[in-house]
Each structure stands twice: as structure tokens, then as C-alpha cells.
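Below are the chains, spelled out letter by letter.
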Amino acid sequence: MDYSENRPIWPGSSSFTVGSTPFGFFDADTIFQQHADSFAKYAAQQMGYPVVDIELKDINFYTALEAAVIEYSNQINQGNIVNNLVNTLGVQTGSSFLGGGSLSGVNIGTSLSYITKLSRAYGTEADSGGGVRWRQAVINVTPGQQTYSIRQAVSASLAETGVILSNTSSVEVRRVLHNAPPAIVRYFDPFVGTGLGSQQLLDSFNFGGFSPSVSFMMMPIHADLLRLQAIEFNDQIRKSHYTFEIHGDDIKFWPVPTFGTGSSASSIFYKQVWIEYLFEEEKSKDAILFGNTALIPGVVSDASNIPYTYQTYRTINDMGRSWIFKYACALAKEMLGFVRGKYSTIPIPGAEVTLNGSDLLQQGQSEKDSLLTQLREFLDKLTKEQMLTRQNGESTQMNEILAKVPLKIYVG
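Scoring rules and cut-offs
Numbering of residues starts from 1 in every chain and runs along the sequence as written. Per-residue local features of the predicted model are confined to residues with pLDDT of at least 70, and side-chain atom pairs are confined, for both listing and counting, to 80 or more; whole-chain, interface and lining totals are unaffected and use all residues. Just so you know, side-chain values use all the structure's heavy atoms and leave hydrogens and water out. Numbered from the N terminus, helices here are DSSP runs of H or I no shorter than four residues, and strands are runs of E no shorter than two. Accessibility here uses a 1.4 Å probe with only protein chains present; expressed as a share of the type maximum, an area under 20% marks a residue as buried, one over 50% as exposed, and anything in between as partly exposed. Should any heavy atoms of two residues lie within 4.5 Å, those residues are considered in contact. For the accessible areas, the method is Shrake-Rupley and the probe is 1.4 Å, while residue cover comes only from the protein chains on display. Aromatic rings from Phe, Tyr and Trp, taking only the six-membered ring of Trp, are treated as a pair when their centres fall within 6.5 Å; an angle between ring planes under 30 degrees marks them as stacked, one over 60 as edge-to-face, and anything in between as tilted. Definition used: whenever NZ (Lys) or CZ (Arg) falls within 6 Å of the ring centre and also within 35 degrees of the ring normal, the charge is taken to sit over that ring. Counted as a polar contact is a pair of N or O atoms within 3.5 Å, where, for protein atoms, one must be capable of donating a hydrogen and the other of accepting one, and residues adjacent in sequence contribute only when both atoms are in side chains. Residues grouped as a nonpolar core are buried Ala, Val, Leu, Ile, Met, Phe, Trp, Tyr and Cys residues, joined through side-chain atoms within 4.5 Å. In a helix, the anticipated span is given by 1.5 Å times the number of residues less one.

Quick look at the overall build of the protein chain now. A count of helical and extended segments in the protein chain gives nine helices and 10 strands. Counting over 412 residues, the protein chain shows a buried share of 32%. The long-range share in the protein chain, meaning contacts at least 24 apart out of those at least 6 apart in sequence, stands at 71%. Of the roughly 26300 Å² of accessible surface on the protein chain, 56% is carried by carbon and sulfur atoms.

Below you can see the structure in the form of C-alpha cells.
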């Protein structure tokens, strides 16, 4: 059988169907389907059809077009990553992000999301926020008993809600609360004119005969604050103050708890002490602490996992499609060069034909390099840094132009 009668030759037309490209990234796009057949005809005629045969099939042209769109998307996404990586660090990846979508076609503004997520770990440690839930437990104080188990108190408090404390849970106490009577109840309300010498002041204005419940005297707020502070300092410095120590699972109170009523009401009196705590393992849900660094799993960390996907072909403008057609044509020339390069010459009766495989390879590679350089130089001009530089230059030039505009002379 003569092989030349069965070699694949471009027939001059094609009919694209879904599944004709290797990856099928754009096969479902109706605009891509229309352009696939048009490009096949365009590329074949660019390479000399129908004057010369083109030893390619329709799928070769479809593959070149798909590869060109992929390369164009790659170059565009590289520029987007340079512009937006800082603002997307810490953004959740995976199906939870944008309902399973991507950042392609999304305008990204400035955000402090990454810094905020990192700061949560520090907020938890500094008691100034964070993402870890604080819980409460109560220690029922027994007269004469000074040391109590923290885990027993936590377990008893959780049991009231139907939760069983796991043996592997690590309890971290953040605050111990004993609410002593507020200092405000230690003196009378100055607005009703009693207490702290206020009655004498009312008498000096001949207001002493009036009922204190209806005779009001406005006192400065700072006077109340100073009195409250003085009472609190008095209790802390002149009296025995409540304190505690935590060692492992034990919490120890000072002074020794007692109950005081009646004539012994001056003795130390407290029946319950509340503690606020959290579970250490919950701190690793959003941030894993490693030394002094907060590690956040499952988020954008670098250019490799920022969620950019291939551009939607139907949304690419005419400038982009023009680049894609030229690049795909260069790829098709390479393919044809590889095919014709398999045999540099073909014998015919009385002579031989020299094929131009090497020329097509060189020409295709040269066109590809030129197109990539052109696109990269164009995208470099669109980085945020370059755009801000141009805007600054335009503003400077505009100010210089406006400075030459004659100002009106005002005559009063």
C-alpha cells in the first residue's frame, strides 16, 4: 500500500465537537467552539493551504488554540498574582472560597485580612480578642479548705450542660473572678445631700430643712471617681486582700475561706469563686503557634495556591484574542515543522523534494518568543507600582500646567 495515499492531510474544513481538545478547559464555551474551526482554517491558510498540503489534522489546530489560551491565561494570572498576592494572603482556599469559584475576573481591593488573622493568635494571648471561646466554671468554696482542683470545677460546670470533659483536653485558666461589693455602696449618693460632709454644705445654704430625697446638689464626677479609687486602695493596702496561686491543676486561695455573719461579718467571706478558661487545643483551629510565629493552614500562602484559574474565553477582549490567534498559529507551525522534520527529503522519480521542517520550527519558536516578550512588557506596565508611578507623573505634569494658568487679579 502506498503510504502517501493515507497520510493525514488538512481537508480545508473542520467541525469542532466537545472533547476535541486534550484538556477540554474551554470546550463548553460556545464562542471557543465557533473560533476553533475558524482558527483551523486561518492557520492552515497562513501556512500555504491550498497551494501546498498541510500535514495536520483538525485536532492539531484545536490543540494549538487551547494551548494558546492556556498560555495567555498563565501570563495574565502571573501579573494578577504580582498585584494581588499581598492582599490575598490568608484568604481561605478550596471549595469554601467564593462558593468554589476563583479570583479570575474578580477585582481585589486592599484588605487587612491576613494581618487580622495573624493578630487573632496574639489577641487570644493578650486577652484582647482572638477567635477562641472563653468558658466559665465555678468553684464552690468550703470553709477552711484552701486548695481546689481546677479540672473538677470545669468538669462539674460542663456536666450541667451535658458535656463531658475529655481526659486529653488541656484547661488554660485566663482569669479568676471574685466579685467583692462595689465601692460605690460604701458611701451615700452625694446627689441626695447626705454623707461625706455634704449635709453641712447644704445647711450653710439654708437647705438643711428640706427632704434629702428632693433637694439635689450637683457634685463633680471626678469627686466620685476619686472617692471610689480611695476606697479600693484602702481595701487593697490596709486590709487583707484576696489572692490566689495556680500550680498545675491546683488553685490555692488566700486568705483561707471562712463564712462570716452577724457579729463575725467582718471576717473574710466568699462562697464561690469563678474562673474563666479556654481549651488550649481550640487555639490550633485557626492558628498553630510555632515559637513566636502564627501558622494559618488552609489559606493562601504564596503564588502556588492563590486561587486563579484559566480565563473565561468568552470574556477575553479582541486584543487578547488577537494575541491568542497569533500564538496558536506559531504553535501550529511548530507542529508542522516537527511533522515535516521527520524526513528532511522525500525521493520522487528522478529527483527528491526537500521539506521546510527546520524553517517552520525556527519561525514558530521565534514568533512565540516575540509574542511572549510583547505580552510580558505590556503586563509589566499594568502593575500597581507602574500605574501609581504614571499617575504620580501625570499629577506632577498637570500641576505644572495649571501653575502657568493666569490667576485673576482681585480689586477690592
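Evaluation of the coordinates by the stated rule reveals 15 aromatic pairs. Cluster of aromatic residues (ring-pair linked, three or more members): Phe16, Phe23, Phe25, Phe26, Phe32, Tyr62, Tyr310 and Tyr313. The positively charged end of Arg321 is found above the aromatic ring belonging to Tyr313, 5.2 Å away from the centroid.

This next bit is on the side chain of Asp27. Mapping Asp27 onto the fold places it in the segment before helix H1 (30-46). Polar side-chain contacts of Asp27 include one of 2.7 Å to the side chain of Thr21. Beyond its immediate sequence surroundings of up to four residues, Asp27 is in contact with Phe16, Val18, Gly19, Ser20, Thr21, Phe32 and Gln33.

As a further point, take the nonpolar core. Judged by nonpolar contacts, the single largest core of 36 residues is most densely connected at Phe39, Phe61, Trp323 and Ile324. Looking at this core, the elements that each hand over two or more residues are H1, helix H2 (58-88), helix H7 (318-341) and helix H8 (357-380). A total of nine residues in this core trace back to one element, the largest contributor, which is H2. If sequence neighbours within four positions are ignored, Trp323 has contacts with Ala68, Glu71, Tyr72, Leu371, Leu372 and Leu375. Formed by 16 residues, the second largest nonpolar core is a distinct cluster that contains Ile139, Val141, Ile251 and Phe279.

In this section: H8. The first and last C-alpha atoms of H8 sit 35 Å apart over 24 residues, in line with the 34 Å expected at 1.5 Å per residue. Among the residues of H8, those classed as buried are Gly357, Leu360, Leu361, Gly364, Lys368, Leu371, Leu372, Leu375 and Leu379.

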